[in-house]
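Residue-level structure breakdown
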Amino acid sequence: MRFAPHTDDDVREMLAGIGVPSLAALFDQIPASVRLDRALDLPRGVSEMEIMADLRRLAAGNRHADELVCFAGAGAYDHYVPSVVWALAGRSEFYTSYTPYQPELSQGALQALFEFQSMVCELTGMEVSNASLYDGATSLVEAASMSRAGTRGRVLVSGAVDPRFVETLETHGKGAGYAPEVFAAVGGRGGSPEVGEDVAAVVVQHPNYYGVLEDVSAFAEVAHEGGAKLIQVFDPLSLGVLAPPGDLGADIAVAEGQSLGNHLNYGGPYLGLIAARMADVRRMPGRIVGETSDVDGRTGYVLTLQAREQHIRREKATSNICTNQTLMALAATIYLAWLGPEGLAELGRQCAAKARYAFERLTALPGVEPLVPDAPFFKEFAIRLPRQAAGVRDAAIDRGVLAGVPVRGGDGHGLLVAVTERRDRGEIDALVDAVGEAIA
Amino acid sequence: MDVGAPVRRQGPPGEGTIAERSRPGRQAFSFAALDVDLVEIPAAFARNTPPGLPEVGESDLVRHYTRLSQMNYGVDTGFYPLGSCSMKYNPKSAEAAAAWPGFARVHPLQPDATAQGVLELLWRLERALCEITGMARATLQPPAGASGELTGLLIMRAHHEAQGRQRTKVLIPNAAHGTNPASVRLGGYQAVSVPADERGQVDVEALRSLADDEVAGLMLTNPNTLGLFEERIEEITSVVHEVGGLVYYDGANLNAILGKCRPGDMGFDIVHINTHKTFATPHGGGGPGAGPVGVVEHLVPFLPVPRVERDETTAAYRLDVDAPSTIGRMHGFHGNIGVLVRAYLYVFLHGADGLEEVAERAVLNANYLATLLPGETPLAFPDGRPMHEFVATATPLEKETGIRAMDLAKRLIDLGYHPSTVYFPLVVDEAMMMEPTETETKETLEAFAAALAQAVAEAASDPELLHEAPVTTPVRRLDEAKAARHLKLRW
């Protein structure tokens, strides 16, 4: 199967036009010593029906959330994706285009990104956003870079922040010349950072890795007293019912945006959200869309503040991001417009109610306790099982339930359970039965 | 057109933002009735003011974003010769397969035993990419090319640290893409520019004089950013190796050499691939991409985790994080898997024979289009044989008529095309970088060249047409200075 449309006559005529005798002659400038003198060691090409059969076999090798009821979260959630989202984001005028270098031909994507930025600001109560980053973890990296300046280089991270975010920060810090410092969580909650004059930012997650609601304002106060910025990692779908980062004193808010109309996709493509104060707009990474007008005075949109970016600043740029996650941001925009403020609130109420029901029933099982006692939570919580959590999870899978994600660290008995609006009472009861059986 | 006559806008009407369609109480959402008891959100944590999201019905939502899609130009709309971006046809089969629940509805933290299919896919794709590039192992985790670059530089850094060496500089050709120097800085190195010679090739003597024991490595595309194959590539990689540096291959132009030659055989140590360029995963309006990174054997210990491993006795696949020398994690989960599913389809659909044909037809198309260039916009480096793309310059036209590359680009829009890349690479004045890709017909190339010739002729006969262009689009030329001066970044 090929997509190159040339006929033999085409090839002949084109070679004649170029003035070379053969296709091989077009590669004459490659020194013979580096040419591959054999075919690539790959199978020969196949038809579409054959490759689709191969992919069907591979897809069939995976359990998935249509048949394995999903209570797994830890950063990726099985929220319902309405049909309208990908019916629109899947239009090929969008997905076969590229970064809008010619704005007159890209007003659709540019305007959608302007709407995305607007909705992220509305959602977070922050002043400015961008056209998306790769994912939640790398958004935290960008937020840390934004914060670091002059003698303020240290980044303090709560021990209740998602460990995969911390690991991603550690990797990126190796090049930038810093190592994130984790301050211990106390009883599943944020902990107490000591913010000296060399601290750039304090990072707290709310709801945190264990699902616990944090007192973000208190962290913001501590950070600000020490002259540092407060970075909050947030859950976008909590913001119909939970106070937004902008109200809690966050200077920069970052999130994994997958839950906004994007499928689980085994970890990606997702999108990173970042929102900040207008005073920091020139330190924001990535593409930013601005409204302007054309020569006739008509409203239009362009990429703006490009002097921040790698293609202008080159080695002086503070971020190297170029291609981001525009299509995922488009899906998020459509999804948020589908929800509207009331849908977002209803979704939040349903998640909170169903998670509470699951929590009450699970912790009523003999030997099952909350991992963090007396902690308020939103849609995810951690329980302590009388056995190794991975074994309980595996046993529950045999009953058609993905019960959750084993908590990192500790003695292996912790299980994170996420309950979205998509779960019904019967499924939650099935979860409880499956866990009950596995620990009996 | 009469000089001074008002330009008549011919494009479709604009579309207000979704917020302008909003009416209080209108809704598109629906949920199942709540079948458990409501709970109160503790007042200390509750939101008091709802967010200002739009309130619209579903039909309005559909009309709005359908209208926006109609205001967007993609490869499916028409010819898109954007140099350096490989805007080739994106197979529909790849879209269909990636949407199957067996890929799209798999949670990233499911146990490995329940994700054997996708792990096998990643394992096979990794091996195929290594064969194509001549590398030993690869990570599929970086979510974009720029992330791949940084991954490579962090591997370079880890390598020198493991050798107990302090290195400070990374060499980059002056024509390089902006992500290269930005990634170098994020990798903790200083970028040092290497000039090109008058033929558009790396100036090897200048490279020799810059290569000292402070050099951690060299980043290079080949074919280079001017679309020319670096004929002294073995000398170049040797010069860097002799001072203990590593050579990094930026895979932006890999499309030109598939099955013809391999970075590993040229002496490169680290390679990144843009699947959204070479392997036809859709560009998405600016992402998602994927930037797998391959390395030679001695750098394998530094690859990011998790890695996909296969137990040779049980043939079971697993995600492995046990790698003491790893640079760590580049992405929150395992990378842009949905993109990699599409890349897998493309690689194995084409196979060894089809991939080589991709390179041949891409180079054929670029060379053929180059022969059709008007004399006023010639090749910037006429002595070199273009590979899959070339850089033309509008300098002769500009000198003659004052019409610039950007004016030509805007006129091409009115003539029905997405223009080439303009003003990149920065080292060529009035640059027009054209990459037709292999999926275009001879007729399309000829029609585009005719449109370019028409625009060039109009530069002399009717320059207003070019100054005023475009007029067929929903908006005409936009005031970028105003956008930056009076920041309006949200409604």
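As the structure is a prediction and not an experimental result, all values here were calculated from the model.

**Re the overall build of chain B**
Counting its regular elements, chain B contains 16 helices and twelve strands. Against the 2.2 N^0.38 benchmark of 23 Å for 491 residues, chain B shows a C-alpha radius of gyration of 25 Å, consistent with a compact globule. In terms of principal-axis extent, the alpha carbons of chain B reach across some 75 × 75 × 45 Å. Looking at chain B residue by residue over its 491 residues, the buried ones come to 61%.

**A few points about the pairing of strand 4 (residues 215–220) of chain B**
Residue and element names in this part refer to chain B. Counted residue by residue, strand 4 has six buried out of six residues, so it is predominantly covered. Where strand 2 (residues 169–173) meets strand 4, three bridges bridge the pair, whose relative direction is parallel. Within strand 4, the residue paired with Val170 across the bridge is Gly217. Sheet topology places strand 4 next to strand 5 (residues 246–251); four bridges connect them, and they run parallel. Counterpart to Gly217 in the pairing with strand 5 is Leu246. Traced from strand 4 through helix 8 (residues 233–242) to strand 5, the parallel crossover comes out right-handed.

**Considerations on the sheet that holds strand 6 (residues 270–273) of chain B**
Residue and element names in this part refer to chain B. Judged by pairing direction, the sheet is mixed, and its seven strands sit side by side in the order 1-7-6-5-4-2-3 without closing on themselves. Each of the sheet's edge strands pairs with one partner strand only, and the pair in question is strand 1 (137–139) and strand 3 (190–194). Going across the sheet, the axis of each strand differs from the next one's by a mean of 25°, ignoring polarity. Relative to strand 1, helix 4 (residues 116–133) is tilted by about 120°, and along the sheet it contacts strand 1, strand 6 and strand 7 (293–295). Where helix 5 (residues 145–162) meets the sheet, its contacts fall on strand 1, strand 4, strand 5, strand 6 and strand 7, and the angle it forms with strand 6 comes to roughly 165°.

**Describing unusual backbone geometry**
Omega for the bond connecting Asn222 of chain B with Pro223 of chain B falls within 30 degrees of zero, at 5°, which places this linkage in the cis form. The residue Pro223 of chain B is located in the loop between strand 4 and helix 8 in this model. Residue Pro288 of chain B is reached from Gly287 of chain B by a cis peptide bond, and omega for that bond is 15°. Relative to the assigned elements, Pro288 of chain B resides in the loop between helix 10 (275–278) and strand 7. The phi angle at Tyr266 of chain A is positive, at roughly 50°, despite the residue not being glycine. Within the secondary structure, Tyr266 of chain A is located in the loop between strand 7 (252–256) and strand 8 (272–276). For Ala315 of chain B, which is not glycine, the phi dihedral falls at a positive 60°. Tracing the chain through its elements places Ala315 of chain B in the loop between strand 8 (307–310) and strand 9 (317–320). With 9 C-beta atoms counted inside 10 Å, the residue Ala315 of chain B sits in the exposed group.

**Comments concerning the sheet that holds strand 15 (residues 414–418) of chain A**
Strand-to-strand pairing in sheets goes through backbone hydrogen bonds, with the strands running parallel or antiparallel. All names here are of chain A. On the basis of which strands lie adjacent, the open sheet formed by four strands has the order 11-12-15-14 and antiparallel pairing. A single partner strand is all that each edge strand has here, and the edge strands are strand 11 (369–370) and strand 14 (405–406). This element, helix 11 (residues 326–363), spans strand 11, strand 12 (380–384) and strand 15 of the sheet and lies at about 5° to strand 12. Along the sheet, helix 12 (residues 389–397) contacts strand 14 and strand 15; its crossing angle with strand 15, the most-contacted strand, is approximately 45°.

**Some remarks on the interface of chain B and chain A**
Contacts between the two partners involve 169 residues from chain B and, on the opposite side, 167 residues from chain A. Top contributing element to the side of chain B that touches chain A by residue count: helix 11 (residues 337–371) of chain B, with 21 residues. Here the side of chain B that touches chain A is composed, by residue class, of 87 nonpolar, 49 polar and 33 charged.

**Comments concerning the packing of helix 4 of chain B against helix 11 of chain B**
Residues and elements named next belong to chain B. Where helix 4 meets helix 11, the closest approach of the two axes is 10 Å, and the angle between their N-to-C directions is 55°. Of the possible angle classes, the one that applies to helix 4 and helix 11 is oblique. In this structure, helix 4 meets helix 11 at a crossing whose hand is left-handed. In this structure, helix 4 contributes Val118, Leu121, Leu122, Leu125 and Ala128 to the contact, and helix 11 contributes Ile337, Leu340, Val341, Ala343, Tyr344 and Val347. A class-by-class count of the residues in the contact of helix 4 with helix 11 yields eleven nonpolar, no polar and no charged.

**Section: the packing of helix 7 (residues 163–176) of chain A against helix 5 of chain B**
Contact geometry for helix 7 of chain A and helix 5 of chain B: axes closest at 10 Å, N-to-C directions at 65°. What the angle tells us is that helix 7 of chain A and helix 5 of chain B run roughly perpendicular. The element helix 7 of chain A and its partner helix 5 of chain B pack so that their crossing is left-handed. Between helix 7 of chain A and helix 5 of chain B, the contacting residues are Thr171, Lys174 and Gly175 of chain A on the first element and Leu150, Leu153, Leu154 and Arg157 of chain B on the second. A breakdown of the residues in the contact of helix 7 of chain A with helix 5 of chain B according to their chemical character gives three nonpolar, two polar and two charged.

**Some thoughts on the domain arrangement of chain B**
Residue and element names in this part refer to chain B. According to the domain assignment, chain B consists of domain 1 (93–350) and domain 2 (356–475). Computed over C-alpha atoms, the centres of domain 1 and domain 2 are 30 Å apart. Counting residues at the interface gives 19 residues for domain 1 and 17 residues for domain 2. When the residues that make up the side of domain 1 that touches domain 2 are grouped by side-chain class, the tally is nine nonpolar, eight polar and two charged.

**As for the environment of Gly245 of chain B**
Along the chain, the position of Gly245 of chain B falls in the loop between helix 8 and strand 5. Measuring from C-alpha to C-alpha, the distance between Gly245 of chain B and Leu426 of chain B comes to 27 Å, with 181 residues separating the pair along the chain.

**Re helix 5 (residues 107–124) of chain A**
Residues and elements named next belong to chain A. Taking 1.5 Å per residue as the helical rise, helix 5 with its 18 residues ought to reach 26 Å, and the 25 Å between its terminal C-alpha atoms agrees with that figure. Judged by how many residues are buried, helix 5 sits mostly within the fold: 18 of 18 residues are covered. Just past helix 5, the residue Gly125 takes up positive phi, approximately 70°.

**Topic: helix 11 of chain B**
All names here are of chain B. Taking 1.5 Å of rise per residue, the 35 residues of helix 11 would be expected to cover 51 Å, yet its terminal C-alpha atoms sit only 40 Å apart, more than 12% below that figure. Along helix 11, the sharpest kink reaches roughly 100°, centred on Gly351. With 33 of its 35 residues buried, helix 11 lies for the most part within the structure.

**With respect to the nonpolar core**
Counting residues in hydrophobic clusters, the biggest one holds 313 residues, and the most contacted among them are Phe71, Leu140, Val203, Ile334, Ala403 and Val417 of chain A together with Ile270 of chain B. The contacts of Ile334 of chain A, once residues within four sequence positions are left out, are Val84, Val85, Leu88, Ala89 and Gly261 of chain A together with Leu61 and Tyr65 of chain B.

**Regarding the domain arrangement of chain A**
By a widely used convention, the size of an interface equals the accessible area lost when the partners come together. Residue and element names in this part refer to chain A. Parsing chain A into structural domains produces domain 1 (69–81 + 340–439) and domain 2 (83–333). When each unit is reduced to the centre of its C-alpha atoms, the spacing between domain 1 and domain 2 is 27 Å. Contacts between the two partners involve 24 residues from domain 1, matched on the other side by 26 residues from domain 2. For the side of domain 1 that touches domain 2, the elements supplying multiple residues, two or more each, are helix 11 and strand 12. The element best represented in the side of domain 1 that touches domain 2 is helix 11, accounting for six residues.

**Considerations on the environment of Glu214 of chain A**
Residues and elements named next belong to chain A. By the secondary structure assignment, Glu214 is in the loop between strand 5 (199–206) and helix 8 (216–225). For the pair Glu214 and Ser22, spaced 192 residues apart in sequence, the C-alpha separation works out to 68 Å. The contact partners of Glu214, leaving out residues within four places of it in the chain, are Arg189, Gly190, Val204, His206 and Asn208.

**Notes on the environment of Glu131 of chain B**
Within the element layout of this structure, Glu131 of chain B appears in helix 4. Taking the C-beta count within 10 Å as the criterion, Glu131 of chain B has 17 such neighbours and is therefore assigned partly exposed. Sequence-distant contacts of Glu131 of chain B, defined by excluding residues within four places in its chain, comprise Leu40, Asp41 and Leu42 of chain A.

Conventions we followed
The residue count restarts for each chain, going from 1 along the sequence in the order it is written. Labels are handed out in written order, letters beginning with A for the chains and numbers beginning with 1 for the ligands. Only residues with pLDDT of at least 70 are given local features in this predicted model, and only at 80 or more are side-chain atom pairs given and counted; all residues enter the totals for whole chains, interfaces and linings. To qualify as a helix, a DSSP run of H or I must reach at least 4 residues; to qualify as a strand, a run of E must reach at least 2; elements of each kind are numbered from the N terminus. We compute the radius of gyration from the C-alpha atoms alone; for a globule the expected value is 2.2 Å times N to the 0.38, where N is the number of residues. Here a residue counts as buried when 20 or more other C-beta atoms sit within 10 Å of its C-beta, as exposed when there are 12 or fewer, and as partly exposed otherwise, the C-beta atoms being derived from the backbone. Two strands are said to pair when DSSP picks up at least two bridges between them. Looking down the strands as they point away from you, a crossover is right-handed if its path from the first strand over the helix to the second goes clockwise. Between N-to-C directions, angles cover 0 to 180 degrees, with each direction set by a line fitted to C-alpha atoms, over the stretch in contact for helices. What counts as a contact here is a pair of residues whose C-beta atoms, placed from the backbone, lie within 7 Å. Polar here means any residue other than Ala, Val, Leu, Ile, Met, Phe, Trp, Tyr, Cys and Pro, which are nonpolar, and Asp, Glu, Lys and Arg, which are charged; Gly is therefore polar. Under this scheme an angle from 65 to 115 degrees is roughly perpendicular, one under 35 degrees roughly parallel, and one over 145 degrees roughly antiparallel; angles in between are oblique. Each crossing is labelled by how the near helix is turned from the far one, with a counterclockwise turn of less than a right angle marking it left-handed and a clockwise turn marking it right-handed. For the domain bounds, the source is a domain assignment made automatically or taken from a database. Expected span of a helix, by definition, is 1.5 Å for each gap between consecutive residues, and there is one gap fewer than residues. The term bend refers to the angle at a residue between two fitted axes, each drawn through seven residues, those ending there and those starting there. Linking buried Ala, Val, Leu, Ile, Met, Phe, Trp, Tyr and Cys residues through C-beta atoms within 7 Å yields a set, and such a set is a nonpolar core.

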